[in-house]
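Descriptive structure summary
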Amino acid sequence: MGISLLISTTSGIFAYVVCYDQNNDLLTYSAFFVTVGVFWFMISLVANNKIAKTANEVFSIFFGLIVVIKDTILDFLPEELNIDQYINFAESGYSDAQVIKMLIDVIATPLLVINAIAMILCVLKEHWIEQYNDGKDLK
C-alpha cells in the first residue's frame, strides 16, 4: 500500500503539472485530487481486502486527526499572525488564521474524502467476497 500511495501521488503530481499551464487553479487542484483518488480507489479494490481496509482506516484516521488538531491549534492562535511576508492574502480580506485553516483544509480534506470513499469500496468488496465468492479474496 505504501508503493501504491507513491504511485497515486506521482500520478496526481503529473496531472497537476499537465493542468498547470491552463492558468486555472481550480482545474489544477481538481485534476490532482481526482487522479490521486481514482488511482487509490483502483489500488484499494485490487489489493487484499483486509490490507486495503486497514490502510484506508489508518489514513482516514491520520487525515481526520490533522483536521482536528488544526482546528484545536487555530483556536489558540491570535487572529493576526503576520504571515503576510510569506503569503500575500492581505488583499483578500482573510485573517492569517483563516488563511492557515484554508491551506490545511485544501490539502487534508480531499485526502480524507478519498480515503473515506476507498473505505466504502473496501466494505462493499468485502460483502461481495463473502456473498458471491465463497469468502475467497482476490489474489
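Here the structure is a predicted model, which means the values were calculated and not measured.

Moving on, we get to the pattern of salt bridges. Under the criterion given, the structure shown has one salt bridge. One salt bridge connects glutamate 126 with lysine 53, and the closest N-O pair in it is separated by 2.7 Å. With glutamate 126 in helix α4 (residues 96–132) and lysine 53 in helix α3 (residues 49–76), this residue pair connects regions lying 73 residues apart in the sequence. According to the relative accessible area criterion, glutamate 126 is partly exposed, its value standing at 26%.

Right, let's get into the environment of phenylalanine 33. As for its placement among the helices and strands, phenylalanine 33 is situated in helix α2 (residues 25–46). Those residues in contact with phenylalanine 33 that lie beyond four places of it in its chain are Val106, Ile107, Pro110, Leu111 and Ile114.

Helix length check: α2 (22 residues) gives 32 Å between terminal C-alpha atoms against 32 Å at 1.5 Å per residue, within 8%. Buried residues of α2: Thr28, Ala31, Phe32, Phe33, Thr35, Val36, Gly37, Trp40, Phe41, Ile43 and Ser44, and no others.

Let's shift gears to the UniProt feature "transmembrane region" (unreviewed entry) in the protein chain. UniProt's feature table lists "transmembrane region" (unreviewed entry) at residues 29–47, 59–78 and 98–124, given in the numbering used throughout. With 95% helix and 0% strand, residues 29–47 has its two end C-alpha atoms placed 27 Å apart. Along residues 98–124, the helical share is 100% and the strand share 0%, with 38 Å between the first and last C-alpha atoms.

Next up on the list: the nonpolar core. Ranked by size, the top nonpolar core spans nine residues in total: Phe32, Phe33, Val36, Trp40, Phe41, Phe63, Leu111, Ile114 and Ala118. For this core, the elements supplying multiple residues, two or more each, are α2 and α4. Sort the elements by how many residues they give to this core and α2 lands first, with five residues. If we skip the residues at most four places from it in the chain, valine 36 touches Ser8, Thr9, Gly12 and Ile114.

Across the interface, α2 lies against α4 with an axial gap of 9 Å and an inter-helix angle of 25°. Our classification of the angle between α2 and α4 gives roughly parallel. Classified by chirality, the crossing of α4 by α2 is right-handed. Packed against α2, whose contacting residues are Tyr29, Phe33, Val36, Gly37, Trp40, Phe41, Ser44, Leu45 and Val46, the element α4 presents Val106, Ile107, Pro110, Leu111, Ile114, Asn115, Ile117, Ala118, Leu121, Cys122 and Lys125 at the interface. Its residues placed into classes, the contact of α2 with α4 shows 16 nonpolar, three polar and one charged.

Rules used throughout
Residues numbered from 1 in each chain as written. Predicted model: local features only at pLDDT ≥ 70, side-chain atom pairs only at ≥ 80, totals over all residues. Heavy atoms only, no water. Salt bridge = Lys/Arg side-chain N within 4 Å of Asp/Glu carboxyl O. Helix = DSSP H or I, 4+ residues; strand = E, 2+ residues; numbered from the N terminus. Buried < 20%, exposed > 50% of the residue type's maximum accessible area, 1.4 Å probe, protein only. Contact = heavy atoms within 4.5 Å. Expected span 1.5 Å × (residues − 1). UniProt positions renumbered as here; feature names shortened; annotations may be inferred. Core = buried A, V, L, I, M, F, W, Y, C linked by side-chain atoms within 4.5 Å. Axes fitted to C-alpha atoms, helices over the stretch in contact; angles between N-to-C directions. Parallel < 35°, antiparallel > 145°, perpendicular 65-115°, else oblique. Left-handed = near helix turned anticlockwise from the far one by under 90°. Nonpolar A, V, L, I, M, F, W, Y, C, P; charged D, E, K, R; others polar.

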